[in-house]
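Report on the structure
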Amino acid sequence: MKMNKILIVFLILVISCSQEKNKYHIRDDKPIILIGELGEIRLNLLKNSILLDKIEIYNNERELVLEQSFDDQGMFIIKSKESNIDSISYNTYKYFSSEVEKQKVNDSLTKEIYHNLITTREFKYNGDILYLDMIENGRKRYNALNLKLVDSEWISDDKVKLLLKNYFPFDGEFKFYYLNSKEKLISKRIEKNYYLVEFQKETGQQKSIKFDIEIVPSESDSLMNSIFTQEIFLEY
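Now for a quick tour of the structure. (Residues numbered from 1 in each chain as written. Predicted model: local features only at pLDDT ≥ 70, side-chain atom pairs only at ≥ 80, totals over all residues. Heavy atoms only, no water.)

Turning our eyes to something else, we now look at the environment of Leu43. Within the fold, Leu43 resides in strand β2 (residues 39-45). Measuring from C-alpha to C-alpha, the distance between Leu43 and Asp53 comes to 7.8 Å, with 10 residues separating the pair along the chain. (Helix = DSSP H or I, 4+ residues; strand = E, 2+ residues; numbered from the N terminus.)

Here it is, written out as structure tokens:
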């Protein structure tokens, strides 16, 4: 049913853009491009198929502002981009058709499946991710931040001190742990947004280290308590 709806929408679009012809030749190795005054729409087909794979919308500057695709579970995936002079933010939405999925168990029992709306948001500043979260049915389930490395100092061959800065408004605390562990790292808050963290890595050079950070929000924060993984690229 979902794929039929997609195909119907696709056929309507094709018919509308071929005003004077009864035939429209489709090549599955190239997108169908609809050009308008405000930009263009590109329709991409599945390989060796006439079914729709992805829709892309570009503005007059040929910048991708919205993309809609479909995953293996039949979910619609929409990615949108919003930009201004200083920053760019990306939003990703995943959702099923609003129809209820019904499965017949036996002659008297039917199972109905309702699919939740899940939204993933990323906020970027000059291309760097500052914050992301996941919202399910209008309720935030998870959030994460991205701390930036300001400076580092090697204490020994396998121990390094990291000066990290949080650029997202936050008045709570951070707790630092070794990756996938409850073993705490030695850390100290220097100023409101600066944190000094001591990390002991395995012997030998590594391009990066990963550790877990727990968000412990204050009463004034909009963030929720959650744990995310931070990756820091090392300099020797």
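Here the narrative resumes.
Following the sequence through the fold, Glu40 ends up in strand β2. For Glu40, a relative accessible area of 7% corresponds to the buried category. Side-chain polar atoms of Glu40 contact the side chain of Arg42, separated by 2.7 Å. Leaving out residues up to four positions away in the same chain, Glu40 has contacts with Ile33, Leu34, Ile35, Glu56, Ile57, Tyr58 and Arg62. (Buried < 20%, exposed > 50% of the residue type's maximum accessible area, 1.4 Å probe, protein only. Polar contact = N/O pair within 3.5 Å; in protein donor to acceptor, adjacent residues only side chain to side chain. Contact = heavy atoms within 4.5 Å.)

Next up on the list: the sheet that holds strand β15 (residues 186-189). Spatial strand order, β12-β13-β16-β15: 4 strands in an open sheet with antiparallel pairing. The open sheet terminates on both sides in strands that have one partner only, identified here as β12 (148-154) and β15. Each strand of the sheet is rotated relative to its neighbour by a mean of 20°, with strand direction disregarded. Two elements, strand β13 (residues 159-165) and strand β16 (residues 194-200), share 7 bridges in a ladder whose sense is antiparallel. Residue pairing in the sheet places Lys161 in a bridge with Glu198 of β16. (Pairing = 2+ DSSP bridges. Axes fitted to C-alpha atoms, helices over the stretch in contact; angles between N-to-C directions.)

In this structure the tally under the stated criterion is 9 aromatic pairs. Taken together, a centroid distance of 5.7 Å and an interplanar angle of 40° make the contact between Phe123 and Tyr131 tilted. In this structure Phe123 comes out as partly exposed when scored by relative accessible area, which is 30%. Aromatic pair Phe176 and Phe211: ring centres 6.3 Å apart, planes at 55°, arrangement tilted. Residue Phe176 is found in strand β14 (residues 173-178), and its partner Phe211 is found in strand β17 (residues 208-216); the two are separated by 35 residues along the sequence. An identical accessibility class is assigned to Phe176 and Phe211; each is buried. Here Lys182 stacks its cationic end above the ring of Tyr177, 4.9 Å away from the centre of that ring. (Phe/Tyr/Trp six-rings, centres within 6.5 Å; stacked < 30°, edge-to-face > 60°. Lys NZ or Arg CZ within 6 Å of the ring centre and 35° of its normal.)

Of the pairings in the sheet, the one linking β15 to β16 comprises 4 bridges and is antiparallel in character. Looking across to β16, one finds that Lys188 is bridged to Leu196. Linking β15 back to β16 in an antiparallel pair, the connection comprises 4 residues.

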